[in-house]
Amino acid sequence: MSDPSTARSQEGESAERMSSPLLSDDGKNRLPSPSAAAPDGYDWTATSSKLSYLPPADRSPLRRRSDTDFSDSNHSSSSDALLESRSTSMATTTTDTQKERQRKWTVFLYSITTVLLYADQNLLAPNLTAAANEFGFSNDERDSKLGGAIALAFFVLGAPASLLVGCLADSWPRAPLFCVTVCIGEGACLVTYFTTTYRQLYVCRALTGFSVGGALPLVYSVLGDLFEAKDRPAVSALVGMGCGIGISLGQGIAGFLGPRFGWRFPFLVVSIPALVCALLVLWTVKDPVRGGMEEAVIQRRDMGQLMVELTHDNGNDNDNDNDNDSTLIPNSSGANSTIQS
């Protein structure tokens, strides 16, 4: 014969199963559809793919996370991604602006220095007679020593200098190499102002030829890495025009200032600005990447940037999916528990 208290307990549990919409006949939880309203005495929370029911004893004030909540979460994630994309775009634009500014400054300095270098070439020619009178040369000696021998030394030293410096430009940093090359020639040009003998003048003019010959390969090397192939013919034309302008400028300076201030003074006027420009190249110009503007390199760089952007976008999508697949549910102790789909 069964215990009366046990019978009453079994009858109570059976009545609870019959009255509870959440319990099936076997006593297990029964999950209604997501659109069903929460039954009396129960509360529930939705995630992206399952429902969780809490009995009254374990629940604190809860509410259903509706579709609007998930929409707000997605909207917030999208807004964050948009803001991050805009920040990246602004940073890229700023970097491109700085690179363009640096490129213009580099071209300007190299161009001005080239003009001043080639201005050295004809500083002596307009004042040969004045120099010959100071050294006590006859007309024949003037023509042979000042007009012939010095001009020959200028070009004889400049030709091998082009080969030597051009080879060094493939392995050495070009901005320091350019500065050293210019300082050798323009330092000699500056010292010309203080010469007192023909031999001193001869050595100084020969060293100036080293600077003129060695600087040109460096200029073409740097500008070739600053511009794409389609822009290089125009840039090369500008360099050639600068050389012609320099020769004309030197001729004009020597012809105008020589008779008034002496034949040495034009060497002082040209050499000091050239030395200043060479130091500015050393201190302010960043050597461009060798071959950085070749078509194949540009295509690979653009492809790499595209892959980075795609990876970044995929990472944002995964973060959004993870946000939608988990929901924090407070329990009676105030702690949060996470329900994963």
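Going by the structure above, here's the rest.
Residues numbered from 1 in each chain as written. Predicted model: local features only at pLDDT ≥ 70, side-chain atom pairs only at ≥ 80, totals over all residues. Heavy atoms only, no water.

## Some points on the environment of Arg103
Here's step 1: Here Arg103 shows up in helix 2 (residues 67–119).
Here's step 2: Considering only alpha carbons, one finds Arg103 and Leu223, 120 residues apart in sequence, at a separation of 9.2 Å. (Helix = DSSP H or I, 4+ residues; strand = E, 2+ residues; numbered from the N terminus.)

## A closer look at the packing of helix 7 (residues 232–261) against helix 8 (residues 265–284)
Here's step 1: Between helix 7 and helix 8, the least distance of the axes is 8 Å, while the angle of their chain directions is 130°. Between helix 7 and helix 8, the angle is such that the two are oblique. Here Ile253, Ala254, Leu257, Gly258 and Phe261 of helix 7 come into contact with helix 8, specifically with Phe265, Pro266, Val269 and Val270.
Here's step 2: Partitioning the contact of helix 7 with helix 8 into residue classes produces eight nonpolar, one polar and no charged. (Axes fitted to C-alpha atoms, helices over the stretch in contact; angles between N-to-C directions. Parallel < 35°, antiparallel > 145°, perpendicular 65-115°, else oblique. Contact = heavy atoms within 4.5 Å. Nonpolar A, V, L, I, M, F, W, Y, C, P; charged D, E, K, R; others polar.)

## Details of helix 7
Here's step 1: The end-to-end C-alpha distance of helix 7, which contains 30 residues, comes to 41 Å, matching closely the 44 Å that a straight helix rising 1.5 Å per residue would cover.
Here's step 2: Inspection of helix 7 places Val235, Val239, Gly242, Cys243, Gly246, Gly250, Ile253, Ala254, Leu257 and Gly258 among the buried residues, and these make up the whole buried set.
Here's step 3: Of the residues one or two after helix 7, Gly262 is the one with positive phi, at around 100°. (Expected span 1.5 Å × (residues − 1). Buried < 20%, exposed > 50% of the residue type's maximum accessible area, 1.4 Å probe, protein only.)

## Things to note about the pattern of salt bridges
Here's step 1: Applying the stated criterion across every chain, the model contains six salt bridges.
Here's step 2: We note a salt bridge from Glu100 to Arg103, for which the minimum N-O separation is 3.0 Å. Remark: Arg103 and Glu100 occur in helix 2; sequence separation between them is three residues, near one turn of the helix.
Here's step 3: We classify Arg103 as partly exposed; its relative accessible area is 22%.
Here's step 4: Note that Asp225 and Arg174 form a salt bridge whose closest N and O atoms lie 2.7 Å from each other. Pair noted here: Asp225 is in helix 6 (residues 198–226) and Arg174 is in helix 5 (residues 174–192), with a separation of 51 residues, a long-range link. Taken as a pair, Asp225 and Arg174 share a single burial class, namely buried.
Here's step 5: Members of the salt-bridge network, linked through shared partners, are Arg174, Asp225 and Asp287. (Salt bridge = Lys/Arg side-chain N within 4 Å of Asp/Glu carboxyl O.)

## Regarding a nonpolar patch on the surface
Here's step 1: Nonpolar side chains collect at one region of the surface, where Val180, Ile184, Tyr202, Val203 and Leu207 lie side by side and expose about 380 Å² of accessible area between them.
Here's step 2: At the level of elements, helix 5 and helix 6 are the ones that each hand at least two residues to the nonpolar patch.
Here's step 3: In terms of residue count, the dominant contributor to the nonpolar patch is helix 6 (three residues).
Here's step 4: Tracing the sequence through the fold places Leu207 in helix 6.
Here's step 5: The partly exposed category is assigned to Leu207, whose relative accessible area is 33%. (Patch = residues over 30% accessible without salt bridge, like charges linked within 9 Å, V, L, I, M, F, W, Y side chains within 5 Å. Areas by Shrake-Rupley, 256 points an atom, 1.4 Å probe, with all protein chains shown as cover.)

## A short note on the nonpolar core
Here's step 1: Membership of the largest hydrophobic core comes to 28 residues, with the highest contact counts inside it found for Tyr110, Leu117, Phe178, Leu218, Val219, Leu223 and Val281.
Here's step 2: For this core, the elements supplying multiple residues, two or more each, are helix 2, helix 4 (139–168), helix 5, helix 6, helix 7 and helix 8.
Here's step 3: For this core, the element with the highest residue contribution is helix 6, accounting for eight residues.
Here's step 4: Leu124, Leu128, Ile150 and Leu201 belong to the second largest nonpolar core, which has 19 residues in total. (Core = buried A, V, L, I, M, F, W, Y, C linked by side-chain atoms within 4.5 Å.)

## Quick notes on the packing of aromatic side chains
Here's step 1: A complete count under the given rule lists 10 aromatic pairs for this structure.
Here's step 2: Between Phe154 and Phe155 the ring centres are 5.2 Å apart and the planes differ by 70°, which places this aromatic pair in the edge-to-face class.
Here's step 3: Judged by its relative accessible area of 49%, Phe155 is partly exposed.
Here's step 4: Clustering of aromatic rings is evident, with ring pairs tying together Phe135, Phe137, Tyr198, Tyr202, Trp263 and Phe267.
Here's step 5: Sitting over the face of the ring of Tyr198, Lys145 holds its NZ or CZ atom 5.7 Å from the ring centroid.
Here's step 6: Sitting over the face of the ring of Phe256, Arg260 holds its NZ or CZ atom 4.3 Å from the ring centroid. (Phe/Tyr/Trp six-rings, centres within 6.5 Å; stacked < 30°, edge-to-face > 60°. Lys NZ or Arg CZ within 6 Å of the ring centre and 35° of its normal.)

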